[in-house]
Amino acid sequence: MCNGNEEYNKQARRYKDLNSLKLACAKGKFPIRKKYLPHIPKSLINIIEKCIKVNPQERYDNVLEIMNELSLVNNNLDWNYYKISKNSFSWVLGDSVKLELYKENDVWNIIDNGKINSFVDSKAKGYSVIRGIIKKYEKIALL
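Residues numbered from 1 in each chain as written. Predicted model: local features only at pLDDT ≥ 70, side-chain atom pairs only at ≥ 80, totals over all residues. Heavy atoms only, no water.

1. Things to note about a positive patch on the surface
What counts, and what does not: The patches described consist of residues with a relative accessible area above 30% and no salt bridge, like charges being joined within 9 Å and nonpolar side chains (Val, Leu, Ile, Met, Phe, Trp, Tyr) within 5 Å. Here the Shrake-Rupley method, with its probe set to 1.4 Å, supplies the accessible areas, and only the displayed protein chains count as covering residues. Salt bridge criterion: a side-chain nitrogen from Lys or Arg within 4 Å of a carboxyl oxygen from Asp or Glu. Under the convention used here, Asp and Glu are negative, Lys and Arg are positive, and both His and the chain ends fall outside the count. Lysine's charge is taken at NZ, arginine's at CZ, aspartate's at CG and glutamate's at CD. In this description a helix means any DSSP run of H or I spanning at least four residues, a strand means any run of E spanning at least two, and both kinds are numbered starting from the N terminus. Here the term buried applies to any residue with accessible area under 20% of the maximum for its type, exposed to any over 50%, and partly exposed to those in between, with areas from a 1.4 Å probe on protein chains only.
Positive charge collects at one region of the surface, where K10, R13, R14, K86 and K103 lie side by side. Mapped onto the elements, K103 comes out in strand β3 (residues 97-104). For K103, a relative accessible area of 36% translates into the label partly exposed.

Dropping the structure here:
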């Protein structure tokens, strides 16, 4: 839902048939529960994770509870996410902030408003840095 069809299909292709996919869902192994794009607010992640709990007793009791929780999600929602290519991504906040994550020469580069912020050795680490930068901008917006 938050990561898009491409990520969902990539994870689904790991299973040889529909029955093995259903079994993975029933065991809580599909979709991967800890993989979210950096701009997805933690409050939304918590709602999603509660919705897909394997044990029904740990889920919401009704849709109204979900709707009430969703109404409280308000941070990071102004960020626009773009997948440029397989190894290039950007996040844009209005006309003022642009973050980029791209791979070049086996290194992931992070650009914050045109300035190199850091280099990391994996996309996951890049997402973590981007998540921190987004949090920094969100704190500034609250001031």
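2. Quick word on a nonpolar patch on the surface
Judged by side-chain polarity, V63, L64 and M67 come together as a nonpolar surface patch covering roughly 310 Å² of accessible area. Among the secondary structure elements, V63 is positioned in helix α4 (residues 63-70). Residue classification places V63 among the exposed residues on the basis of a relative accessible area of 55%.

3. A look at the side chain of S118
The condition is simple: For this analysis, a polar contact is any N or O atom pair within 3.5 Å, provided that within protein one partner can donate a hydrogen and the other can accept it, and provided that sequence-adjacent residues contribute only side-chain to side-chain pairs. We call two residues in contact when some of their heavy atoms are within 4.5 Å.
Relative to the assigned elements, S118 resides in strand β5 (residues 115-120). For S118, a relative accessible area of 19% translates into the label buried. Within the local environment of S118, its side chain forms a polar contact with the side chain of N117, the two groups lying 3.3 Å apart. Leave out the neighbours within four places in its chain, and S118 touches W108, N109, I110 and V129.

4. Comments concerning the packing of aromatic side chains
Operational definition: When two rings of Phe, Tyr or Trp (its six-membered ring) have centres within 6.5 Å they constitute a pair, described as stacked for plane angles under 30 degrees, edge-to-face for angles over 60, and tilted for the intermediate range. Two conditions define a charge sitting above a ring: the NZ of Lys or the CZ of Arg must be within 6 Å of the ring centre, and it must be within 35 degrees of the ring normal.
On inspection of all chains with the given rule, the structure shows eight aromatic pairs. Summarising the aromatic geometry, the rings of Y15 and F30 are spaced 5.8 Å apart at their centres and angled 80° between planes, so their arrangement reads as edge-to-face. Of this pair, Y15 sits in the loop between α1 (4-12) and α2 (18-26) while F30 sits in the loop between α2 and α3 (42-51); the two residues are 15 residues apart in sequence, bridging distant segments of the chain. Assessed through its relative accessible area of 4%, F30 is described here as buried. Relative to Y127, the ring of F89 lies with its centre 6.1 Å away and its plane at 70°, an arrangement referred to as edge-to-face. Of this pair, F89 sits in strand β2 (residues 88-93) while Y127 sits in helix α5 (residues 123-142); the two residues are 38 residues apart in sequence, bridging distant segments of the chain. Accessibility assignment for this pair places F89 and Y127 in one class, buried. An aromatic cluster is defined as three or more aromatic residues linked by ring pairs; in this entry it consists of Y81, F89, W91, W108 and Y127. Just above the ring of Y60 sits the side chain of K50; from NZ or CZ to the centre is 4.4 Å. Sitting over the face of the ring of Y137, K136 holds its NZ or CZ atom 4.8 Å from the ring centroid.

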